[in-house]
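Chains, contacts and geometry: an overview
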Number of protein chains: 4
Amino acid sequence: MSDIASGDLGPWLSPEDLDLVRRKVPILYIDALPVRLGERGELETIGLLLRATAEGRISRALVSGRVLYHETIREALERHLEKDLGPMALPQLPTSLVPFAVGEYFPTPGSPFHDPRQHAVSLAYVVPVAGDCQPRNDTLEMTWLTPAEAMTPEILDDLGDGHAVLVKQALAATGTIR
Amino acid sequence: MSDIASGDLGPWLSPEDLDLVRRKVPILYIDALPVRLGERGELETIGLLLRATAEGRISRALVSGRVLYHETIREALERHLEKDLGPMALPQLPTSLVPFAVGEYFPTPGSPFHDPRQHAVSLAYVVPVAGDCQPRNDTLEMTWLTPAEAMTPEILDDLGDGHAVLVKQALAATGTIR
Amino acid sequence: MSDIASGDLGPWLSPEDLDLVRRKVPILYIDALPVRLGERGELETIGLLLRATAEGRISRALVSGRVLYHETIREALERHLEKDLGPMALPQLPTSLVPFAVGEYFPTPGSPFHDPRQHAVSLAYVVPVAGDCQPRNDTLEMTWLTPAEAMTPEILDDLGDGHAVLVKQALAATGTIR
Amino acid sequence: MSDIASGDLGPWLSPEDLDLVRRKVPILYIDALPVRLGERGELETIGLLLRATAEGRISRALVSGRVLYHETIREALERHLEKDLGPMALPQLPTSLVPFAVGEYFPTPGSPFHDPRQHAVSLAYVVPVAGDCQPRNDTLEMTWLTPAEAMTPEILDDLGDGHAVLVKQALAATGTIR
């Protein structure tokens, strides 16, 4: 959920208004897990964004961001995928808007999924990409991992609680969790 | 989406703040279709709320309403089901938060699904109810209809575009559309 | 389910053995609905096979066929899609084997879905195709229809009960039923 | 998949015929994971069958068994749940036949999911049970485990490859995997 943190608020929302809105209603997000497919559609690798946090720690993440006012979920997916993967990734957006998982994040300390900034609800999708990914902004690298590699404790730790669960759910939904 | 129209805004949001929020971000809703099941889990009838509009016209609807700040989706489902069906309906909330459909409503005239008040995104669930439904507030009656009865043009017309599509999607997802 | 009728039994099953098997266990099928997608993944048209029946009547169908012994569901999808659409269709097989619908067909007269030859259980998938379809064998034509065109009574009548319901379920699952 | 091993073949299939059928076509199975739900529908515990193998080893399993000729999937679920949990379990069969996972098992050594007896395809469902479970036949005990308890290596080892993956997929689909 780095887009708001990094200032990508869209033209409609001043920082003051965003502060207000975030204390009033749940904020809608999308999460997208880029994947590479084999020739029969089977998931071969998943793509995780590698970033350095402000404290210099490594973190990994899915593509993630807010759905803006007047924006469709498909447009939000397209915009965030292009923002994080570059214009040549050729993502194949889902034929159905039914997500493989719905995430709920609360600002209350102690919530199973915690987001100090806001109450967020996120719709998560698996998105096959056929082209070249050129990570941008604060992303250091796009790492492609097999399901077995993604399920190692090191990778799951770098993902943080919410995104580690999303990766497990995506692998389960595609039949590639072991 | 009658709860906001009928003033059920929750204690957190003044009318002025709601007006502001509605022009800034998508508003998250849940839709719930109450159903009666046969003894092997097959859908037998669906329950639609019957209301009179301000103009005196009959309209039908699913249970529907906003997810409040700090409220989980399960709590929102429970609250709106109790509000519309009464405390004895004994709804069986879903084991998975993955909805059978995601609806998008825009304030722009000409949108396939139109909501003049706001940009809304709705997560829709089928909810078996085992108890007695006592419709409340502005609801005249809870009508139980077989899938065949629900698919007649009269009923679909009374539902309005968005909810008619949701009923078709629910019948399709449960294998009872014909 | 034309593959068995037209003799495509695979090398493993003699007609006598098939007759025996069909009276002993449910037979596993796949159904695939070819679709064309817009640039944001939204379903634009569906592809239906047009055939002439032995009695000279027009009928329409999804791609459909049996899963053979030792064959994966992905291999069965690939084989039947190539058989019906030709080798240049470039189908994108699903990332998940979870179907959008499960069909049950019984030889008993009066069953909601009837198959005089056997008890069949079918797993149904939406399959985007990016290439050229060259219908083969007994298929006269591949017809591309918008969701609205597919939902007309003429088309649904040509599909027969089971496949008409599958088309409705596919349009519902992709959010394009109206 | 113990029903065939323990001789529950139904009246239609002699051992000789079953041997033949198993070498000719994929055999259709259902898997059911019994669960206990909280008052808002959230999964609290899952129920696993505890058995002693012929070699005296402990093994755990989901409810599992074959779909018979002329039997609906709902009837097969009901029959196998009653066979393994007794008549007082009060299972709530699913409203949709779309499974949370599709399993493929092959007799070929080295298959990711191996079944030495046959090529089997299994449709897996989560089934809430509200009543008392009285395990029968060769089942020693029904063990109720929280998602965290079920994900320990000891339990997953006792489940065997196929069923361990199904448990992970069920927890992922219900949003309770961590």
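Computed from a predicted structure; not experimentally measured.

**Structural notes on the overall build of chain A**
Within chain A, the regular secondary structure consists of five helices and seven strands. Scanning chain A from its N terminus toward the C terminus, one meets helices and strands in the order α-α-β-β-β-β-α-β-β-β-α-α. Relative to the globule expectation of 16 Å for 178 residues, the C-alpha radius of gyration of chain A, 16 Å, shows essentially globular dimensions. Its C-alpha atoms give chain A principal-axis dimensions of roughly 50 × 35 × 30 Å. Taking all 178 residues of chain A together, the buried fraction comes to 62%. In chain A, 68% of the contacts between residues at least 6 apart in sequence involve partners at least 24 apart. Accessible surface for chain A amounts to roughly 6,800 Å². Of this, 53% is attributable to carbon and sulfur atoms. Considering chain A, the positive charge centre built from 16 side chains and the negative charge centre built from 25 side chains are found 3 Å apart.

**Some words on helix 5 (residues 153–173) of chain A**
One full turn of an α-helix is made of 3.6 residues, so residues set three or four places apart face in the same direction. All names here are of chain A. Taking 1.5 Å as the rise per residue, helix 5 with 21 residues should run 30 Å; its terminal C-alpha atoms sit only 20 Å apart, a clear shortfall. Approximately 125 degrees is the largest bend angle found in helix 5, and it occurs at G160. Just downstream of helix 5 lies G175, where phi reads positive at about 75 degrees.

**Things to note about the interface of chain A and chain B**
Accessible area lost upon the coming together of the parts serves often as the stated size of an interface. In this complex, chain A contributes 32 residues to the contact, which on the side of chain B involves 32 residues. Between chain A and chain B lies a buried interface of about 2,800 Å² when both sides are counted; carbon and sulfur atoms form 70% of it. Counting the contacts that link chain A with chain B gives two salt bridges. A salt bridge links D17 of chain B to K24 of chain A, with the shortest nitrogen-to-oxygen separation between them at 3.2 Å.

**Here's the deal with unusual backbone geometry**
Phi at H70 of chain A takes a positive value of approximately 75 degrees, unusual for a residue other than glycine. Tracing the backbone through its elements, the reader meets H70 of chain A in the loop between strand 4 (63–66) and helix 3 (73–85).

**Quick notes on the packing of aromatic side chains**
Under the definition given, this model contains four aromatic pairs over all chains. Here the guanidinium or amino end of R36 of chain B rests over the ring plane of W144 of chain B, the centre of that ring lying 4.5 Å away.

**Some points on the environment of H70 of chain B**
Residue H70 of chain B is classed as partly exposed on the basis of its relative accessible area, which comes to 39%. Along the primary structure H70 of chain B and W144 of chain B are separated by 74 residues, whereas in three dimensions their C-alpha atoms are 33 Å apart.

**Quick notes on the relation of the copies chain A and chain B**
Of the transformation superimposing chain A on chain B, the axial component is 0.0 Å and the angular component is 180 degrees, with the fit at an RMSD of 0.0 Å. The transformation just described matches what one would write down for a two-fold rotation axis. In terms of proximity to the rotation axis, the leading residue of chain A is V21 of chain A, whose C-alpha is 2.9 Å off the axis. Looking at the interface residues of chain A, 100% of them are also at the interface in chain B, so both copies use one shared face.

**What about the interface of chain A and chain C?**
With 15 residues of chain A in contact, the opposing surface of chain C contributes 15 residues. Each partner contributes to the roughly 1,400 Å² buried at the junction of chain A and chain C, and carbon and sulfur atoms together form 51% of this total. Between R40 of chain A and E75 of chain C there is a salt bridge; the shortest N-O distance is 3.9 Å. Seen at the junction of chain A and chain C, the total is six residue pairs in polar contact (both at pLDDT 80 or more). Sorting elements by how many residues they give to the side of chain A that touches chain C places helix 3 of chain A first, with three residues.

**What to know about the relation of the copies chain A and chain C**
Expressed as a screw operation, the relation of chain A to chain C combines 0.0 Å of axial shift with a rotation of 180 degrees, fitting to an RMSD of 0.0 Å. Interface overlap between copies is the fraction of interface residues in one copy that are interface residues in the other; for chain A against chain C it reaches 100%, indicating a shared surface.

**Remarks on the packing of helix 5 of chain A against helix 5 (residues 153–173) of chain D**
Where helix 5 of chain A contacts helix 5 of chain D, the axes come no closer than 9 Å and their chain directions differ by 120 degrees. It follows from the interaxial angle that helix 5 of chain A and helix 5 of chain D lie oblique. Crossing of helix 5 of chain A against helix 5 of chain D: the hand is left-handed. Of the residues in helix 5 of chain D, those in contact with K168, Q169 and A172 of chain A of helix 5 of chain A are K168, Q169 and A172 of chain D. Counted by class, the contact of helix 5 of chain A with helix 5 of chain D contains two nonpolar, two polar and two charged residues.

**Some details on the pattern of salt bridges**
Across all of its chains, the model carries 32 salt bridges over all chains by this definition. A salt bridge links E78 of chain A to R40 of chain C; its shortest N-O distance comes to 2.7 Å. Of this pair, E78 of chain A sits in helix 3 while R40 of chain C sits in the loop between strand 1 (27–37) and strand 2 (43–52), placing the two residues on different chains. Salt bridges sharing common partners tie together R40 of chain A together with E75 and E78 of chain C.

**Some details on the pairing of strand 3 (residues 58–61) of chain C**
All names here are of chain C. Pairing geometry for strand 2 and strand 3, over four bridges, is antiparallel. Within the sheet, the bridge partner assigned to R51 lies in strand 3 and is S59. Joining the antiparallel neighbours strand 2 and strand 3 is a turn of five residues, in which G56 adopts a positive phi near 85 degrees.

**Comments concerning the confidence of the model for chain A**
All names here are of chain A. Summary statistics for chain A give a mean pLDDT of 91 and a share of 93% for residues scoring 70 or more. Overall, residues 1–9 carries pLDDT values under 50, and its contacts beyond four positions in sequence, including any with other chains, amount to 29 contacts. Note on the complex model: pTM 0.93, ipTM 0.91.

**Points about the side chain of E71 of chain B**
With respect to the helices and strands, E71 of chain B occurs in the loop between strand 4 (63–66) and helix 3 (73–85). A polar atom in the side chain of E71 of chain B sits 2.7 Å from the side chain of R79 of chain B. Those residues in contact with E71 of chain B, other than ones at most four positions away along the chain, are E104, F106 and H119 of chain A together with R66, A76 and R79 of chain B.

**Some points on the environment of L93 of chain D**
Note that L93 of chain D resides in the loop between helix 3 (73–85) and strand 5 (101–105). Overall, the relative accessible area of 4% leaves L93 of chain D in the buried class. Taking the C-alpha atoms as reference points, L93 of chain D and T143 of chain D, separated by 50 residues in sequence, lie 20 Å from one another. Not counting residues up to four positions away in its chain, the partners in contact with L93 of chain D are R40 and G41 of chain B together with R74, L77, E78, L81 and V127 of chain D.

Cut-offs and rules
Residues numbered from 1 in each chain as written. Chains lettered and ligands numbered in written order. Predicted model: local features only at pLDDT ≥ 70, side-chain atom pairs only at ≥ 80, totals over all residues. Heavy atoms only, no water. Helix = DSSP H or I, 4+ residues; strand = E, 2+ residues; numbered from the N terminus. Rg over C-alpha atoms; globule rule 2.2 N^0.38 Å. Buried < 20%, exposed > 50% of the residue type's maximum accessible area, 1.4 Å probe, protein only. Contact = heavy atoms within 4.5 Å. Areas by Shrake-Rupley, 256 points an atom, 1.4 Å probe, with all protein chains shown as cover. Lys, Arg positive; Asp, Glu negative; His and termini not counted. Charge placed at Lys NZ, Arg CZ, Asp CG, Glu CD. Expected span 1.5 Å × (residues − 1). Bend = angle between axes of the 7 residues up to and from the residue. Buried area = accessible area lost by both parts, 1.4 Å probe. Salt bridge = Lys/Arg side-chain N within 4 Å of Asp/Glu carboxyl O. Phe/Tyr/Trp six-rings, centres within 6.5 Å; stacked < 30°, edge-to-face > 60°. Lys NZ or Arg CZ within 6 Å of the ring centre and 35° of its normal. Least-squares fit on C-alpha atoms with pLDDT ≥ 70 in both. Polar contact = N/O pair within 3.5 Å; in protein donor to acceptor, adjacent residues only side chain to side chain. Axes fitted to C-alpha atoms, helices over the stretch in contact; angles between N-to-C directions. Parallel < 35°, antiparallel > 145°, perpendicular 65-115°, else oblique. Left-handed = near helix turned anticlockwise from the far one by under 90°. Nonpolar A, V, L, I, M, F, W, Y, C, P; charged D, E, K, R; others polar. Pairing = 2+ DSSP bridges. pLDDT = per-residue confidence, 0-100.

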